[in-house]
Amino acid sequence: MTSTENFYDSVGGEETFNLIVHRFYEQVRTDDILGPMYPQDDWEGAEARLRMFLVQYWGGPKDYSEQRGHPRLRMRHAHFPIGVTAAERWLELMTRALDSLEEGTLTDDQRAAIWDHMVRAADMLINSNPDPHQRD
Ligand code: HEM
């Protein structure tokens, strides 16, 4: 059985999650759908929250819980109207962030594990139907 502790270390620890989240947010800032949803005066804070969450989820230090408490992702996203379009866009930008890593940083299996978690989380966070971005 593989432990998540080993997973965090085996993908390169903090540096790898730093890069993924940084490259993700570089795109979010100027994204027409996602950009306006995020706190315009706290991009660094937003980046740190997602990074700490992923680091902790995959077995790294537990800074997220220490600073933010229980993740409760559904509750924390409840006041953002997230339809299918926004969820797909989030995943699209995250794919590009993962693709931007230097070749060999993640094995195919590691990438698939990270991706699977992202897809399941994004699906779970859809809270708006019909999709507000498709309304006139
Ligand atoms: C489905 C599309 C998604 C949208 C539109 C979305 C949008 C947002 C927004 C606008 C914030 C507030 C930024 C901040 O101030 O921290 C946020 C926070 C956050 N998101 Fe998402 N998100 C999505 C998916 C995800 C997924 C898939 C994950 C996990 C893999 C995730 C994890 C987080 C975390 C950990 C926070 C910070 C929560 C906190 O401690 O306050 N989000 N998201």
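Preceding this paragraph is the structure being described.
Predicted, not measured: the structure shown is a model, and the values here were computed from it. (Residues numbered from 1 in each chain as written. Predicted model: local features only at pLDDT ≥ 70, side-chain atom pairs only at ≥ 80, totals over all residues. Heavy atoms only, no water.)

Time to look at the layout of surface pockets. By volume, the largest pocket amounts to about 700 Å³. Lining of the largest pocket is provided by 25 residues; of these, Y25, Y38, L73, H77 and F80 occupy positions nearest its centre. Breaking the lining of the largest pocket down by element, the ones donating at least two residues are α3 (43-57), α4 (63-68), α5 (73-77), α6 (84-99) and α7 (108-125). Taken together, the residues that form the lining of the largest pocket break down as 20 nonpolar, 2 polar and 3 charged. (1 Å grid on protein atoms, 1.4 Å probe; cavity = no way out; pocket = protein on both sides within 12 Å on 5 of 7 lines; lining within 4 Å. Points joined across faces, edges and corners; volume = space filled by probe spheres on them. Helix = DSSP H or I, 4+ residues; strand = E, 2+ residues; numbered from the N terminus. Nonpolar A, V, L, I, M, F, W, Y, C, P; charged D, E, K, R; others polar.)

Before going further, it helps to spend a moment on the environment of A122. Its location among the elements puts A122 in helix α7. For the pair A122 and G83, spaced 39 residues apart in sequence, the C-alpha to C-alpha distance is 10 Å.

Reference values for angles at a metal are 109.5 degrees in the four-donor tetrahedral case and 90 or 180 degrees in the six-donor octahedral case. Protein coordination of the iron atom of the ligand is limited to a single donor, H77 (NE2), which sits 2.0 Å from the metal. Secondary-structure assignment places H77 in helix α5. (Donors = N, O, S within 2.8 Å, 3.2 Å for Na, K, Ca; no water.)

Okay, α7 next. Every α-helix carries 3.6 residues per turn, so stepping three or four residues along brings you back to the same face. Look at α7: 26 Å from first C-alpha to last across 18 residues, which is about the 26 Å you get at 1.5 Å a residue. Along α7, the residues classified as buried are Q110, I114, H117, M118, A121, A122 and L125. One face of α7 carries all of its buried residues, which in axial projection span an arc of 130°. Exposed side chains of α7 directed beyond 90 degrees from the buried face belong to D108, D109 and D123. (Expected span 1.5 Å × (residues − 1). Buried < 20%, exposed > 50% of the residue type's maximum accessible area, 1.4 Å probe, protein only. Arc of directions from axis to C-beta.)

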